[in-house]
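# A look at the structure
The residues making up each chain are set out below.
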Amino acid sequence: MCRAGGPCLLLALKKPSKMSGLLSVLLHLLLLFKLVAPVTFRHHRYDDLVRTLYKVHNQCPHITRIYTIGRSVQGRLLYVLEFSDYPGTHELLEPEVKYVGNMHGDEVLGRELLLQLSEFLCEEFRNRNERIVQLIQGTRIHILPSMNPDGYEMAAAQGPNTYGYLIGRNNANGVDLNRNFPDLNTYFYYNEKYGGPNHHLPLPDNWKSQVEPETRAVIRWMQSINFVLSANLHGGAVVANYPYDKSLGHRLRSSHRAATTPTPDDKLFQKVHQGIKGMVLDDNNNNLTGAVISVAGINHDVTAGEHGDYFRLLLPGTYSVTATAPGFEPYTEVVTVGPAEPKLINFHLKRSSTQVSSRRRASHGGQGGRVKVQPHIPRKKDTATKQPHRGPA
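Residues numbered from 1 in each chain as written. Predicted model: local features only at pLDDT ≥ 70, side-chain atom pairs only at ≥ 80, totals over all residues. Heavy atoms only, no water.

## Looking at the overall build of the protein chain
Check the secondary structure of the protein chain and you find eleven helices and 14 strands. When the 393 residues of the protein chain are sorted by exposure, 50% land in the buried category. (Helix = DSSP H or I, 4+ residues; strand = E, 2+ residues; numbered from the N terminus. Buried < 20%, exposed > 50% of the residue type's maximum accessible area, 1.4 Å probe, protein only.)

## Section: the packing of aromatic side chains
Tallying each qualifying case throughout the model produces four aromatic pairs. Summarising the aromatic geometry, the rings of Tyr310 and Phe347 are spaced 6.0 Å apart at their centres and angled 50 degrees between planes, so their arrangement reads as tilted. Taken together, the positions of Tyr310 in strand 10 (residues 309-313) and Phe347 in strand 14 (residues 347-349) put the pair 37 residues apart, joining distant regions of the chain. Residue Tyr310 is classed as buried on the basis of its relative accessible area, which comes to 0%. (Phe/Tyr/Trp six-rings, centres within 6.5 Å; stacked < 30°, edge-to-face > 60°.)

## Structural notes on the side chain of Asp282
By the element assignment, Asp282 lies in strand 7 (residues 275-282). For the buried Asp282, no salt bridge is present, and the opposite-charge side chain at shortest range is Arg351, 4.1 Å distant. Among the polar contacts made by the side chain of Asp282, one reaches the main-chain amide nitrogen of Asn284 at a distance of 2.8 Å. (Lys, Arg positive; Asp, Glu negative; His and termini not counted. Salt bridge = Lys/Arg side-chain N within 4 Å of Asp/Glu carboxyl O. Polar contact = N/O pair within 3.5 Å; in protein donor to acceptor, adjacent residues only side chain to side chain.)

## Focus: the packing of helix 2 (residues 46-59) against helix 3 (residues 109-126)
When two helices pack together, you describe them by how their axes are tilted relative to each other and by the distance separating the axes. Where helix 2 contacts helix 3, the two axes come as close as 9 Å, and the packing angle between them is 15 degrees. Relative to helix 3, helix 2 is oriented roughly parallel. Of the two elements, helix 2 crosses helix 3, and the hand of that crossing is left-handed. Contacts between helix 2 and helix 3 involve Tyr46, Leu49, Thr52, Leu53, Lys55, Val56 and Gln59 on the former and, on the latter, Arg111, Leu115, Ser118, Glu119, Cys122 and Arg126. (Axes fitted to C-alpha atoms, helices over the stretch in contact; angles between N-to-C directions. Parallel < 35°, antiparallel > 145°, perpendicular 65-115°, else oblique. Left-handed = near helix turned anticlockwise from the far one by under 90°. Contact = heavy atoms within 4.5 Å.)

## So, the nonpolar core
Phe83, Tyr99, Leu121 and Ile141 are the most contacted members of the largest nonpolar core, which has 28 residues in total. At the level of secondary structure, the elements contributing two or more residues to this core comprise helix 2, strand 3 (77-83), strand 4 (96-101), helix 3, helix 4 (130-138) and strand 5 (140-144). When residues in this core are grouped by element, the largest group, seven residues, is from helix 3. Once you skip the residues sitting within four places of it in the chain, Ile141 turns out to touch Leu81, Glu82, Phe83, Val97, Tyr99, Leu121, Leu135 and Phe269. Core analysis: the second largest hydrophobic core is formed by 20 residues, Val295, Ala304, Phe328 and Leu349 among them. (Core = buried A, V, L, I, M, F, W, Y, C linked by side-chain atoms within 4.5 Å.)

## Structural notes on the confidence of the model for the protein chain
Interpreting fine coordinate detail is not advised for predicted regions of low pLDDT. Scored by pLDDT, the protein chain has a mean of 77; 67% of the residues are at 70 or more. Every residue in residues 254-266 is under pLDDT 50, and counting partners more than four places away or in other chains gives 18 contacts. (pLDDT = per-residue confidence, 0-100.)

## Observations regarding the environment of Gln274
By secondary structure assignment, the location of Gln274 is in the loop between helix 10 (268-271) and strand 7. In this structure Gln274 comes out as buried when scored by relative accessible area, which is 13%. For Gln274, the residues in contact, after removing those within four places along its chain, are Arg312, Leu313, Leu314, Leu315, Pro316 and Gly338.

## Notes on helix 4
For helix 4, the full list of buried residues reads Ile132, Val133, Leu135, Ile136 and Gln137. Where helix 4 begins, the capping side chain belongs to Asn129, and its oxygen is found 3.0 Å from the backbone nitrogen of Arg131.

## A look at the sheet that holds strand 12 (residues 331-337)
Taken in spatial order, the four strands of this open sheet run 9-8-11-12, and their pairing is antiparallel. The open sheet has two edge strands, strand 9 (302-303) and strand 12, and neither has a second partner. Note that strand 8 (residues 292-295) and strand 11 (residues 317-324) share four bridges and pair antiparallel. Across the sheet, the residue bridging to Ser294 is Thr322, located in strand 11. (Pairing = 2+ DSSP bridges.)

## Considering the pairing of strand 11
Relative to strand 12, strand 11 runs antiparallel, the two being bridged by seven bridges. Paired with Ser320 across the bridge in strand 12 is Val334. Linking strand 11 to strand 12, which pair antiparallel, is a turn of six residues; within it Gly327 sits at a positive phi near 85 degrees.

## Notes on the pattern of salt bridges
Working definition: two side chains of opposite charge can pair if their charged atoms are close together. According to the stated counting rule, one finds ten salt bridges in the structure shown. Between Glu153 and Arg45 there is a salt bridge, with its nearest N and O atoms 2.8 Å apart. Residue Glu153 is located in helix 5 (residues 149-156), and its partner Arg45 is located in the loop between helix 1 (21-32) and helix 2; the two are separated by 108 residues in the primary sequence. A residue is classified by how much of its surface remains accessible, and Arg45, at 28% relative accessible area, is partly exposed.

Structure below.
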């Protein structure tokens, strides 16, 4: 479902029996930087959720943006809260993260965690927490607290003294949204066996008629963000608790205690910065949209975005990395990736000899059209209009 570019991290917070490592990371963020105010644990109905998102936005208007990606079956808007020093803008060479919660409407712990995470990021940015300031200045974060607000409201309507197992798990049409995405595995298996693309697979022609409104909204959202993002790290943290369950506070506090000492490798936000990133340019320094970055021995390529930037998530090690683009000679470089900051690797591709010959014939009135060159889009940080990073007030 991704179309072009760099790392996009999606954490779908769903249901649990045991807390996963990814959940530990999210919970760790809520304690790692020592919250300065006590946390209130309570359930948020739909109207409360919307008010909470707008409260965070009003408290941190310069680093947040609220937008909607569609509606549920019953017409509730699906709200997303974005954190960035330039909300609404993809900055070149800056990775992006997506969080999706409450896919099953009756499983609400992820929903509440994402609301707390939103409040935490805003508060700590205002408190000049150095790590949070660096995080927001170097990462674009999208938070969808609830993918299934209709299911949540059905479950919450039971009240505190009633417990109907699985009520609200599905959406208002009775569909499990977690199992409602198009299945592309068959295409992957076929292409792996017989040859074909291993990323950016097109969705089936009839996919829109086969999925629910909430799923359709999320897929379009992922496609719009992922237009510049294709090195995806997807994870699922299975966490559950039910509306009006009085153990919510206990569950969250227990999860907090379990998450206070993760290893450095388990810091989820940092993982999106691990590996290599850079620009793919031609010999005239024009950005090459759609260039493919492949790593020897790894059967998953990534594609440069519309502005020519790419991201490739890699563990520490040494890799042979090749950049290719139609009409250009491929270029391979051996890269050693460390455990800390991503390594900047820019590729400058030379036009192939056949392409050069075609261009010469065209310029002398020969047959064949002129090759269209992607105009250079200056790096945002090099432009005169680029303002300093927004810091806490």
